[in-house]
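# Working through the structure, step by step
Letter by letter, the chains look like this.
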Amino acid sequence: VDVVNSLVETIGEKADAGQLIEPMDLLSRSNAMIMFRAIFGSNQNDTAGFEAKREELLEFVFWVFRNATSTNPADYVPWLKIIPNNTIRETEQQKAVRDNILNFLIDSIRARPDLDPENPTCLIEVMLAREQEGQIDRETILLLIADLLLPGLTPRPRPLDGFC
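The present account deals with the structure reproduced in this document.

Scoring rules and cut-offs
- Residues numbered from 1 in each chain as written.
- Predicted model: local features only at pLDDT ≥ 70, side-chain atom pairs only at ≥ 80, totals over all residues.
- Heavy atoms only, no water.
- Helix = DSSP H or I, 4+ residues; strand = E, 2+ residues; numbered from the N terminus.
- Contact = heavy atoms within 4.5 Å.
- Core = buried A, V, L, I, M, F, W, Y, C linked by side-chain atoms within 4.5 Å.
- Buried < 20%, exposed > 50% of the residue type's maximum accessible area, 1.4 Å probe, protein only.
- Axes fitted to C-alpha atoms, helices over the stretch in contact; angles between N-to-C directions.
- Parallel < 35°, antiparallel > 145°, perpendicular 65-115°, else oblique.
- Left-handed = near helix turned anticlockwise from the far one by under 90°.
- Nonpolar A, V, L, I, M, F, W, Y, C, P; charged D, E, K, R; others polar.
- Expected span 1.5 Å × (residues − 1).
- Arc of directions from axis to C-beta.
- Salt bridge = Lys/Arg side-chain N within 4 Å of Asp/Glu carboxyl O.
- Polar contact = N/O pair within 3.5 Å; in protein donor to acceptor, adjacent residues only side chain to side chain.

Along the chain, the position of Met-127 falls in helix H5 (residues 123-132). Each C-alpha atom of the pair Met-127 and Ile-106 lies 9.7 Å from the other, and the pair is 21 residues apart in sequence. If near-sequence neighbours (up to four positions away) are discounted, Met-127 is found in contact with Ile-136, Ile-141, Leu-144 and Ile-145.

Structure below.
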């Protein structure tokens, strides 16, 4: 409900100010916030640092999708493949950024004072309970969340393999 209310409020503010309304941007952000709530939950004990990292993750996801839709000239002009390409190195760096953000968020959720593995309130809490039981490990959690946040990239082009 608060995501919808925020969307209505934002549209009203932009309309009152005579600003251009970008429906795709507003809807993308709203959809992402609903997805993030399902994955990470919403807790009154979450810190400003947690909220900032969640926003950083949102920007990362948008960055991946922007880059996933760009073309690679070497796919169309084969001789360009001999030119050095930093895409793989950049992919590894961005994967490390993603994992750093996700690890921070997961550790923050694990530190919630009201965390109850018997009564999870979000997907991460379910995964943390399974991790505690030895059914999954941290790497599996990271990969599952990445697949949830970056759907539609499989089958994916080779440069994007590291993101998911």
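To continue, consider the nonpolar core. Judged by nonpolar contacts, the single largest core of 24 residues is most densely connected at Phe-40, Leu-57, Leu-102, Ile-106, Ile-124, Ile-145 and Leu-149. Secondary structure elements with two or more residues in this core: helix H2 (23-40), helix H3 (48-68), helix H4 (87-110), H5 and helix H6 (138-149).

As a further point, take the packing of H5 against H6. Where H5 contacts H6, the two axes come as close as 10 Å, and the packing angle between them is 155 degrees. When the axis of H5 is compared with that of H6, the two are roughly antiparallel. Viewed along their axes, H5 and H6 form a crossing whose handedness is right-handed. Of H6, the residues touching H5 (which contributes Leu-123, Ile-124, Met-127 and Glu-131) are Arg-138, Ile-141, Leu-144, Ile-145 and Leu-148. Per-class residue counts for the contact of H5 with H6 are seven nonpolar, no polar and two charged.

Helix length check: H6, at twelve residues, gives a terminal C-alpha distance of 16 Å against a target of 16 Å (1.5 Å per residue), a fit within 8%. Along H6, the positions that sit buried rather than exposed are Arg-138, Ile-141, Leu-142, Ile-145, Ala-146 and Leu-149. The buried residues of H6 occupy an angular sector of 130 degrees when projected down its axis, which confines them to one face.

It is worth spelling out the packing of helix H1 (residues 2-17) against H2 at this point. Relative orientation of the contacting elements H1 and H2 amounts to 160 degrees, with a least axis distance of 10 Å. Considering their axes alone, H1 and H2 lie roughly antiparallel with respect to each other. Regarding H1 and H2, the two cross each other, and that crossing is right-handed. Of the residues in H2, those in contact with Asp-2, Val-3, Leu-7, Thr-10 and Ile-11 of H1 are Leu-26, Leu-27, Ser-30, Met-33, Ile-34 and Arg-37.

Proximity of charged atoms lets side chains of opposite charge pair with each other. One pass over the structure, following the stated rule, counts ten salt bridges. Among the salt bridges present, the one from Glu-125 reaches Arg-112, with a minimum N-O distance of 3.3 Å. Of this pair, Glu-125 sits in helix H5 while Arg-112 sits in the loop between H4 and H5; the two residues are 13 residues apart in sequence, bridging distant segments of the chain. The two residues Glu-125 and Arg-112 agree in class, both being buried. Between Arg-130 and Glu-133 there is a salt bridge, and its shortest N-O distance comes to 3.8 Å. Glu-133 gets classed as partly exposed once you look at its relative accessible area, which sits at 48%. One network of salt bridges, with partners in common, ties together Arg-29, Glu-55 and Glu-59.

The next subject is the side chain of Arg-112. By relative accessible area, which is 5% here, Arg-112 ends up buried. Of note is the side chain of Arg-112, whose polar atom sits 2.9 Å from the backbone oxygen of Phe-40. Not counting residues within four places of it along the chain, the set of residues in contact with Arg-112 comprises Phe-40, Gly-41, Asn-43, Asp-46, Phe-50, Cys-122 and Glu-125.

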